[in-house]
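Take a look at the letters that make up each chain.
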Amino acid sequence: RGPGAGGEASEEEALLEDIRRLQQRSSAAGRSGGEAPPGPAALSRGGERGAGGPGRGSLSLLDKVLIADFFFILFALAWLGAGVAQRAATGDSGLSDAWFVLWPVVFQPAIGVLMLGAIASGVQARLAGGGEEE
């Protein structure tokens, strides 16, 4: 579709119709006693289901540590790739030699922390949610 005004107007109308349907569904769920799902604004403010419960702060901290560890591991993989490319292009193995020295003492433990943290995060989320299946 081109950037014409007609395409944008129909997209806006479709979005408005989606909003109306969501509001109707939310009000119907409120009248029937069911819990309506939080809207996008509530989620961006941290208004997730179960927020504020016991252990929520530690779950958030664990998630932040896991995200940082994940990006550190991506950095390590990029470093390894650069070392392999350098060795293939120039025959020099400076980057890969430095990487291999750090592999057992830095990168392997970082991968282990990521795996253990992912398991702990899942268990903690399950316990905080009361074991509900969604």
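Residues numbered from 1 in each chain as written. Predicted model: local features only at pLDDT ≥ 70, side-chain atom pairs only at ≥ 80, totals over all residues. Heavy atoms only, no water.

Undergrad: How should the overall build of the chain be read in this particular structure?
TA: Counting secondary structure elements, the chain contains 4 helices and 0 strands. Traced from its N-terminal end to its C-terminal end, the chain shows the element sequence α-α-α-α. For the chain, with 134 residues in total, the buried portion stands at 11%. The long-range fraction of contacts in the chain, counting pairs at least 24 apart against all pairs at least 6 apart in sequence, stands at 45%. When the accessible surface of the chain is summed, it comes to about 9,800 Å², and 64% of that surface belongs to carbon and sulfur atoms. (Helix = DSSP H or I, 4+ residues; strand = E, 2+ residues; numbered from the N terminus. Buried < 20%, exposed > 50% of the residue type's maximum accessible area, 1.4 Å probe, protein only. Contact = heavy atoms within 4.5 Å. Areas by Shrake-Rupley, 256 points an atom, 1.4 Å probe, with all protein chains shown as cover.)

Undergrad: Explain the packing of aromatic side chains to me, please; I cannot follow it from the model alone.
TA: When we look at a pair of aromatic rings, we describe it by the centre distance and by the angle of the planes. As enumerated under the stated definition, the model contains 8 aromatic pairs in all. A ring pair is formed by Phe 75 and Trp 79, whose centres lie 6.0 Å apart and whose planes are at 45 degrees; its orientation type is tilted. Residue Phe 75 and its partner Trp 79 are both found in helix H3 (residues 56-90); the two are separated by 4 residues, about one turn of the helix. Classification of Phe 75 by relative accessible area gives partly exposed; the value is 48%. With a centroid separation of 5.2 Å and 20 degrees between ring planes, the pair formed by Trp 99 and Trp 103 is classed as stacked. (Phe/Tyr/Trp six-rings, centres within 6.5 Å; stacked < 30°, edge-to-face > 60°.)

Undergrad: Sorry if this is basic, but what is going on with the pattern of salt bridges here?
TA: When charged atoms on two side chains of opposite charge get close, those side chains can pair. Counted according to the given criterion, the structure contains 2 salt bridges. A salt bridge links Glu 17 to Arg 20, with the nearest nitrogen and oxygen atoms 2.9 Å apart. Here Glu 17 and its partner Arg 20 are both found in helix H1 (residues 5-31), 3 residues apart, which amounts to about one turn of the helix. (Salt bridge = Lys/Arg side-chain N within 4 Å of Asp/Glu carboxyl O.)

Undergrad: So what exactly am I meant to see when it comes to a nonpolar patch on the surface here?
TA: Taken together, the side chains of Ile 67, Phe 70, Phe 71, Leu 74 and Leu 77 define a hydrophobic patch exposed on the protein surface, amounting to about 490 Å² of accessible area. Its place among the elements puts Leu 77 in helix H3. (Patch = residues over 30% accessible without salt bridge, like charges linked within 9 Å, V, L, I, M, F, W, Y side chains within 5 Å.)

Undergrad: Is there a simple way to think about helix H4 (residues 94-128) in this case?
TA: Since the α-helix packs 3.6 residues into each turn, any two residues three or four apart lie on the same face. The end-to-end C-alpha distance of H4, which contains 35 residues, comes to 48 Å, matching closely the 51 Å that a straight helix rising 1.5 Å per residue would cover. Its maximal kink placed at Trp 103, H4 deviates by approximately 75 degrees, while the proline Pro 104 follows within four residues. Among the residues of H4, those classed as buried are Ser 96, Trp 99, Phe 107, Ala 110, Gly 117 and Ser 121. (Expected span 1.5 Å × (residues − 1). Bend = angle between axes of the 7 residues up to and from the residue.)

Undergrad: I keep staring at the confidence of the model for the chain and nothing clicks. Help me out?
TA: Low-confidence regions, as indicated by low pLDDT, have predicted coordinates that should not be scrutinised in detail. Mean pLDDT over the chain stands at 79; residues scoring 70 or higher make up 69%. Averaged pLDDT values for the elements of the chain fall to 50 in helix H2 (residues 40-44) and rise to 92 in H4. A low-confidence stretch, residues 43-51 stays under pLDDT 50, and its non-local contacts, those more than four residues away or across chains, total 12 contacts. (pLDDT = per-residue confidence, 0-100.)

Undergrad: Please clarify how the environment of Ala 110 should be interpreted in this entry.
TA: Among the secondary structure elements, Ala 110 is positioned in helix H4. Note on Ala 110: relative accessible area 8%, which makes it buried. Residues Ala 110 and Ile 73 lie 37 residues apart in sequence; the distance between their C-alpha atoms is 7.0 Å. Here Ala 110 is in contact with Asp 69, Phe 72 and Ile 73, once residues within four sequence places are set aside.

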